[in-house]
Amino acid sequence: MPSDAPDDSSKAESERAAGREGEADAYGALGLVISGVLVWGGVGFLVAERLDNRLFVMLGLLLGMGAGLYLVWFRYGRQRDQ
Amino acid sequence: MSSSVLAVEGEGFVSPGPGTFVYPPAFGEGTFVTKPMLIVILGSLAVAVFFFLAARRAAMVPGKTQFVGESLYGFVRNSIALDAIGKPGLKYVPYLATVFFFLATLNISGILPLVQFPATSRIAIPLFLAVISCILFNAIGIKREGLGGYFKNMMFPSGIPWPVYILLAPIEFVSTIIIRPLTLTLRLTFNMFAGHLVLVLFILGGEYLIFEYSGVVGIAAGTVALLGSLVLTAFEGFVQLLQAYVFTLLSALYIGGALQDEH
């Protein structure tokens, strides 16, 4: 990234767009996987506390990770193929 | 290297911990202001005064201060706002520039001689800025699509059978409203926290080795540790500027995402 770009026409708008999209996607994907594990792992933890069965923590974590990964594919993986 | 030596010969040397970041009141017992607070106040003033001086007599042929000020502002404008958001981002350059220079100053205070404490290693400062960024990009999204439309686009992307929404909507919500500001906060805070701790360890450890442990081994190892602290100080300076940049860039990316049509 040139720090002293004289003005905004020094780089093609499409090139900028591609760059920022890639960056935003990378951080977005990471956030989705983390949230998936947190949300459903948390639900699993609460259920496990309630039912006194630790199996639900693992189920929740796996469910959350699966859902998070599915969202990553849904948001960022699909339109590249079209 | 010195840390392993210290671990073995650890008697008498108290290695720095989280307590390093807790300061007593700066003006004696009973007063309220601490060193990190002073750094925040003086740092903000320094940034404000510098940009005021740079902009005061804006001329076609810029003077030295104006040139530096414009170059710095231009960096945020071109490399952050335009790169991350595009043309609509020009509206948000003032906010992004403020965040960047505020953070850069408070980060750099960690290696500034005599000051030598990164105020941003206290979590309140990054947290507050992250919350402002979070409110900002959500407000932009809500303003553009309406309250219902914004959350509908965020939590219920079209093309998924409806039962799956139960699974996915909470994840999208948490990822946008909680994880984003949280990661902004933690990334900055603990980069500064860890960096400062390493510097303190090397400098205090080197001092201890030379003056307390002493002997040929102690003086040799202490000298290496102190020389290492110089290298690490330079490295910290790099990390501090980089983290200010990353925080601002991510804020800009989130704003850009809120301005963009859902793909």
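Residues numbered from 1 in each chain as written. Chains lettered and ligands numbered in written order. Predicted model: local features only at pLDDT ≥ 70, side-chain atom pairs only at ≥ 80, totals over all residues. Heavy atoms only, no water.

A. Examining the overall build of chain B more closely. When helices and strands are counted, chain B shows 8 helices and 0 strands. Expressed as a percentage of the 263 residues in chain B, the buried residues total 42%. Entry remark: accessible area of chain B is about 13500 Å², with carbon and sulfur atoms responsible for 74%. (Helix = DSSP H or I, 4+ residues; strand = E, 2+ residues; numbered from the N terminus. Buried < 20%, exposed > 50% of the residue type's maximum accessible area, 1.4 Å probe, protein only. Areas by Shrake-Rupley, 256 points an atom, 1.4 Å probe, with all protein chains shown as cover.)

B. The arrangement of the nonpolar core in detail. Within the largest apolar cluster, 49 residues are counted, with the highest numbers of intra-cluster contacts made by Ile80(B), Leu96(B) and Phe247(B). Broken down by secondary-structure element, the contributors of at least two residues to this core are helix H2 (35–56), helix H3 (64–84), helix H4 (93–108), helix H5 (124–145), helix H6 (147–155), helix H7 (162–213) and helix H8 (215–259) of chain B. It is H8(B) that provides the largest number of residues to this core, a total of 12 residues. Look past the residues within four positions of Leu96(B) in its chain and what remains in contact with it is Val76(B), Ile80(B), Ala81(B), Ile85(B), Thr248(B), Ser251(B) and Ala252(B). Counting 15 residues, the second-largest nonpolar core is a separate cluster that includes Trp40(A), Val72(A), Ile160(B) and Ile171(B). (Core = buried A, V, L, I, M, F, W, Y, C linked by side-chain atoms within 4.5 Å. Contact = heavy atoms within 4.5 Å.)

C. Local environment of H2(B). Residue and element names in this part refer to chain B. Taking 1.5 Å as the rise per residue, H2 with 22 residues should run 32 Å; its terminal C-alpha atoms sit 31 Å apart, in good agreement. Listing the buried residues of H2 in full gives Pro36, Ile39, Val40, Gly43, Val47 and Ala54. When H2 is viewed along its axis, its buried side chains cluster within an angular range of 100 degrees and face the same direction. Residues of H2 that are exposed and point more than 90 degrees away from the buried face comprise Leu42 and Phe52. Where the residues of H2 are buried, they touch H3, H4 and H5. (Expected span 1.5 Å × (residues − 1). Arc of directions from axis to C-beta.)

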